[in-house]
Amino acid sequence: EKGSMVFDINDQVTPVVLEYLEPGWLEQTMQCLINSGFKQENILQVGREGVGSMSAAFNRVFEGVYGFDLITTPYVFFVTNVTFDKHVPAFLAAALDEYTDVVAIHPKFISDHPHIRHAKGRDYVPFVEWTAPMIRVDALRDVGLLDEKLPYVGQDIDWSHRAKLKGWELMADGFSTVNHVYLRHTQNPAPITQIRGALRNVYQQSTENRLIEKWGTDWRKLLCPSNSCG
């Protein structure tokens, strides 16, 4: 509850789920959202034919498929192949309610990036990942969408930096945890995971070229001060 009013997560948050074709992942994530109180009809799913651009899939939510005008909640919860306890979305939304300078908050998980992996409380951070961020919709309008020339990696640090240039802050929440597996790191990854990994490698050089074009040859220091980005 919030004060004397009954809190309904559906009034606050629109979940956007990236569809995974690896067996079981999408179903697990959807069940976690249902357990958190989301109505099935309020959960948006975006696909990339299993292996395509994450940036393009997410952007399509706001470019024609659904559109900004159809997102009536103040926050959007973008989730990939994650599972979580039922309280997590409400906790993240409460943090954005409290910290009005924060554009996006990311729950703690076993991340490649130490400021998310080791988050203690609600901490300001240099960037958020695009694994399970909750984002302020008005700020998405202000900052813009993901750079589709960064289809697999780099879009998160690029977007985070653009947000900071607009005066927004970013946050990690150590009180909220999601379970996530970088599927490319698993033993015996599914064939579709291997294909997606190969495509990621194909785009590695063009991704780096794009980041250099936008932010200079020292883009790693600027966008990823934790020195944990590829």
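As shown above, the structure is provided for reference.
In what follows, the accompanying structure is described. (Residues numbered from 1 in each chain as written. Predicted model: local features only at pLDDT ≥ 70, side-chain atom pairs only at ≥ 80, totals over all residues. Heavy atoms only, no water.)

1. Structural notes on the environment of Gly 197
Among the secondary structure elements, Gly 197 is positioned in helix H8 (residues 191-202). Sequence-wise, Gly 197 and Arg 141 are 56 residues apart; in three dimensions their C-alpha atoms are separated by 31 Å. (Helix = DSSP H or I, 4+ residues; strand = E, 2+ residues; numbered from the N terminus.)

2. Details of the packing of helix H7 (residues 155-165) against helix H9 (residues 204-215)
Taken N-terminus to C-terminus, the directions of H7 and H9 make an angle of 15°; their axes are 12 Å apart at the nearest point. It follows that H7 is roughly parallel to H9 by the angle criterion. Taken as a pair, H7 and H9 cross one another with a handedness that is left-handed. Here Asp 158, His 161, Arg 162 and Leu 165 of H7 lie close against H9, whose contacting residues are Leu 211, Lys 214 and Trp 215. Its residues assigned to classes, the contact of H7 with H9 comprises three nonpolar, one polar and three charged. (Axes fitted to C-alpha atoms, helices over the stretch in contact; angles between N-to-C directions. Parallel < 35°, antiparallel > 145°, perpendicular 65-115°, else oblique. Left-handed = near helix turned anticlockwise from the far one by under 90°. Contact = heavy atoms within 4.5 Å. Nonpolar A, V, L, I, M, F, W, Y, C, P; charged D, E, K, R; others polar.)

3. Here's the deal with the side chain of Ser 53
Looking at the element boundaries, Ser 53 is found in the loop between strand S2 (44-46) and helix H3 (54-59). Within the structure, Ser 53 has its side chain in polar contact with the backbone nitrogen of Ser 55 (distance 3.3 Å). Separated by 3.0 Å, the side chain of Ser 53 and the backbone nitrogen of Ala 56 make a polar contact. Dropping the residues within four chain positions of it, Ser 53 is found in contact with Arg 48, Pro 151 and Tyr 152. (Polar contact = N/O pair within 3.5 Å; in protein donor to acceptor, adjacent residues only side chain to side chain.)

4. Quick look at the packing of aromatic side chains
Aromatic rings considered in pairs are described by the distance between their centres and by the relative angle of their planes. Considering all chains together, one arrives at nine aromatic pairs under this definition. Here the aromatic cluster, defined as three or more aromatic residues joined through ring pairs, consists of Phe 58, Phe 62, Phe 68, Phe 78, Trp 130 and Trp 159. Against the face of Tyr 20 rests Arg 48, its NZ or CZ located 5.5 Å from the ring centre. (Phe/Tyr/Trp six-rings, centres within 6.5 Å; stacked < 30°, edge-to-face > 60°. Lys NZ or Arg CZ within 6 Å of the ring centre and 35° of its normal.)

5. Some words on H9
End to end, H9 covers 16 Å across 12 residues, agreeing with the expected 16 Å (1.5 Å per residue, within 8%). Residues of H9 that are buried include every one of Thr 207, Arg 210 and Leu 211, and no others. When H9 is viewed along its axis, its buried side chains cluster within an angular range of 95° and face the same direction. The outward face of H9, more than 90 degrees from its buried face, is lined by the exposed residues Gln 205 and Glu 213. Among the structural elements, H7 and helix H10 (219-223) are those in contact with the buried residues of H9. Immediately downstream of H9, the backbone of Gly 216 shows phi near 90°, a positive value. (Expected span 1.5 Å × (residues − 1). Buried < 20%, exposed > 50% of the residue type's maximum accessible area, 1.4 Å probe, protein only. Arc of directions from axis to C-beta.)

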